[in-house]
Amino acid sequence: MSGDFDADRLIDAMSELLALPVSPDCRQGIALHLRVARTMADSVLAVELPDEAEPAPVFTP
Amino acid sequence: MTLGPAATASEIAAAVRRRQVTARAVLEACLVTIERRNPTLNAFTAVLAARARARADALDAAIAGGADPGLLVGVPFAVKNLFDVTGLPTLAGSKINRSRAPATRDATLIERLEAAGAILVGALNMGEYAYDFTGENAHDGPSRNPHAPAHMSGGSSGGSGTAVASGMVPLALASDTNGSIRVPSSLCGLFGLKPTYGRLSRGGTFPFVASLDHLGPMARSVADLAAAFDAMAGADPLDPACARRDDGTTAPKLALGISGLRIRIAGDYFRHGGHPEAFAAVDRVADALGVTETVTLPLAAEARAAAYLITMSEGAALHHVRLRDRLDDFDPDVRDRLVAGAMIPASWVAKAQKVRRTFHDQMLAVFEKADVLLAPATPCRAPRIGQKTMLIDGREMPVRPNLGVFTQPISCGGLPVVAVPVWTEGEALPIGVQVIAAPWREDHCMRVAAELQQRGIASAPVAPE
């Protein structure tokens, strides 16, 4: 799933949308981190959760 | 009476309370150690000698007048420079924040430690905006590992690790979003407490990832962790995530030892992906405690992935304007990760938050059958400063994100952890073990850590000069 991911196209589109400059010396690093994020997302998205699952960050005994 | 740099916070406070030494004398010795060791180790970004001297003199006067200034009286401490300190801009390890207005009030946890008699002596180096596991900093230079100065202190609370392990201070405060207390504790050989999410106030500190940010103490003894934690715990309107409850003190419980505690080894995810010494340290602790049973932490890898995405996204959102306007003023290693974080889909992050919650709920089920879990703190001993990759299971992996591979799932679930330092004969550098408990059971992990310290299985000696 991650192998066909074109990070450069995403960087171009999001850079314009977010008004975030991407200089040539940043691009390779950003692409690397986006590929890692995609791998992480594969793991997260594969977890099956019910529609009722809550994100509430409350931590009690 | 003279107390050397190896004195713990508890020893200092006891001596000052008994009038065997003055707070001012302790402070002057601390400042001399900082002056001697900091130029090579680079822990401090600000030393507050005048403020600290005034405070020490006030404490000595109070003691002379018969007052009881608190359980931490005369204890010098320092804070990661993301804590607000009156009169200083809150740097958070950055170049950009140097133009911030000076803070007009100390962070909540500084106020609480000083209310217990401790003395703030300075602010400490850290990885830029806390997005770091190395202790390196492009603007201030790396904080160095006192046990081997060519090696990393660990991050992002690198200066906190360096300052305590070198004996410059007995106690430091730090933050931990994905492991930034536990990683430097492991690499520098210290005891470090990351409490339950929401148990210690983050009021008056520069944030990183609101969903995952924790604050806590680092020290050379478990008793010091407990004393500092007890002094700092409690509700605070300045931190909306800080719980409105008070579960009492932990220090008196250390004497209970490990009797009655069901201790288990964290298996599966926590038994691979590191160097052999990481697992050997866990096994040594387990053997000493007579622990043989292993449990699997469900969704640990997914929890790590969830924390990774939440961190990228929330960190990027926090810094969006600065990324847009001052991109070139960021540390390049931090900059590219933050820009990438601004570009990931919201649906990934929303799902990550639900996975985080699910992991937490499944961990509660694990804690129905166990009280304390043992896991590695870092996958290796301290890498060399500047080292970019490391070999793990035959694969070349980047150092910066992977130093937190074992800490990241635990903080994702908001669980309390004490990192305990384990030494191997013949090795110059230590490695840590995470002692993990159920939410709000800091007393459980501190009891186990105290037992390990008492038996000499875990120890935090001051690095020789």
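Scroll up for the structure.
Residues numbered from 1 in each chain as written. Chains lettered and ligands numbered in written order. Predicted model: local features only at pLDDT ≥ 70, side-chain atom pairs only at ≥ 80, totals over all residues.

Student: How do you make sense of the overall build of chain A when you look at a structure like this?
Tutor: The helix and strand tally for chain A stands at two helices and zero strands. Residue burial in chain A is summarised as follows: out of 61 residues, 20% are buried. (Helix = DSSP H or I, 4+ residues; strand = E, 2+ residues; numbered from the N terminus. Buried ≥ 20, exposed ≤ 12 C-beta atoms within 10 Å, placed from the backbone.)

Student: Is there a simple way to explain the overall build of chain B in this structure?
Tutor: Helix and strand counts for chain B come out as 15 helices and 13 strands. Taken over the C-alpha trace, chain B has a radius of gyration of 20 Å; the compact-globule value for 465 residues is 23 Å, and the two agree within 12%. In terms of its C-alpha atoms, chain B occupies a principal-axis envelope of roughly 60 × 55 × 45 Å. Relative to its 465 residues, chain B shows a buried fraction of 64%. Pairs at least 24 apart in sequence give 78% of the contacts found in chain B among residues at least 6 apart. (Rg over C-alpha atoms; globule rule 2.2 N^0.38 Å. Contact = placed C-beta atoms within 7 Å.)

Student: Would you explain the interface of chain A and chain B in this entry?
Tutor: Many structure descriptions define interface size as the accessible area lost when the parts assemble. Counting from both sides, the interface comprises 29 residues of chain A and, opposite them, 38 residues of chain B. Listing elements by their share of the side of chain A that touches chain B, those giving two or more residues are α1 (7-18) and α2 (24-45) of chain A.

Student: What should I look at first to understand helix α12 (residues 346-366) of chain B in this one?
Tutor: For the α-helix, the turn length of 3.6 residues means that residues three or four positions removed from each other point alike. Given a rise of 1.5 Å per residue, 21 residues ought to cover 30 Å, and the 30 Å separating the end C-alpha atoms of α12 of chain B matches this to within 8%. If you check which residues of α12 of chain B are buried, you get Trp 348, Val 349, Lys 351, Ala 352, Gln 353, Val 355, Arg 356, Arg 357, Thr 358, Phe 359, His 360 and Met 363 of chain B. In this structure, the buried side of α12 of chain B is in contact with α2 of chain A together with α9 (300-318) and α14 (408-412) of chain B. (Expected span 1.5 Å × (residues − 1).)

Student: Please explain the environment of Gln 454 of chain B as it appears in this structure.
Tutor: Residues and elements named next belong to chain B. Note on placement: Gln 454 falls in helix α15 (residues 442-454). According to the C-beta neighbour criterion, Gln 454 is exposed, with 12 such atoms within 10 Å. A sequence separation of 217 residues divides Gln 454 from Pro 237, and the C-alpha atoms of the two residues are 38 Å apart.

Student: I tried to follow the pairing of strand β12 (residues 417-422) of chain B on my own but got confused; where do I start?
Tutor: Two faces make up the sheet, and in a regular strand the side chains alternate between them. Residue and element names in this part refer to chain B. The buried count for β12 comes to six of six residues, which makes it a mostly enclosed element. With six bridges connecting them, β12 and strand β13 (residues 431-437) associate as antiparallel partners. What sits directly across from Val 418, in β13, is Val 435. (Pairing = 2+ DSSP bridges.)

Student: Even after reading the chapter, I still don't get helix α11 (residues 332-341) of chain B, so can you show me in this structure?
Tutor: Here α11 of chain B lies mainly inside the structure; eight of its ten residues are buried. The set of residues buried in α11 of chain B consists of Val 334, Arg 335, Asp 336, Arg 337, Leu 338, Val 339, Ala 340 and Gly 341 of chain B.

Student: For this particular structure, what's the right way to read the nonpolar core?
Tutor: General note: in soluble globular proteins, nonpolar side chains tend to be found buried as a group. Counting 170 residues, the largest nonpolar core has Phe 77, Ala 172, Leu 309, Leu 374, Val 418, Val 435 and Ala 449 of chain B as its most contacted members. In terms of residue count, α9 of chain B provides more of this core than any other element does, ten residues in total. (Core = buried A, V, L, I, M, F, W, Y, C linked by C-beta atoms within 7 Å.)

Student: Which parts of the structure should I look at to understand the sheet that holds strand β2 (residues 76-80) of chain B?
Tutor: Strand pairing in a sheet is mediated by backbone hydrogen bonds. Such pairs are either parallel or antiparallel. All names here are of chain B. Spatially, the eleven strands line up as an open sheet ordered β1-β3-β2-β4-β6-β5-β12-β13-β9-β7-β8, and their pairing is mixed. The open sheet has two free edges, formed respectively by β1 (44-47) and β8 (294-295), since each of these has just one partner strand. In this structure, strand β7 (residues 263-266) lies alongside strand β9 (residues 372-376), joined through three bridges in parallel fashion. Residue pairing in the sheet places Ile 265 in a bridge with Leu 374 of β9.

Student: Would you mind showing me how to read unusual backbone geometry here?
Tutor: Leave glycine aside and you will find that most residues have negative phi; peptide bonds, for their part, are mostly trans. All names here are of chain B. Here the residue pair Gly 155 and Ser 156 is connected by a cis peptide bond, since its omega of 5° sits within 30 degrees of zero. Residue placement: Ser 156 occurs in the loop between β3 (119-124) and α5 (158-165). The phi dihedral of Asn 42 is positive, around 65°, even though this residue is not glycine. Locating Asn 42 in the fold gives a position in the loop between α2 (23-41) and β1. At Ala 92, a position not held by glycine, the phi torsion is positive, near 50°.

Student: Before we go on, may I ask you to explain the environment of Glu 314 of chain B in this structure?
Tutor: Residues and elements named next belong to chain B. Structurally, the position occupied by Glu 314 is in helix α9. On the neighbour-count criterion, Glu 314 (20 C-beta atoms within 10 Å) is buried. Apart from the residues lying within four places of it in its own chain, the contact partners of Glu 314 are Val 209, Ala 210 and Ser 211.

Student: Mind showing me how you'd approach the pairing of β2 of chain B here?
Tutor: Residues and elements named next belong to chain B. A large share of β2 lies buried, amounting to five of its five residues. As paired elements, β2 and β3 share five bridges and run parallel to each other. Bridge pairing links Ala 78 to Gly 122 in β3. As for the winding sense of the linkage, the β-α-β connection from β2 through helix α4 (residues 108-115) to β3 is right-handed. Across three bridges, the pairing between β2 and strand β4 (residues 171-176) is parallel. Following the sheet pairing, Phe 77 is matched in β4 by Leu 171. (Right-handed = clockwise from strand over helix to strand, strands pointing away.)

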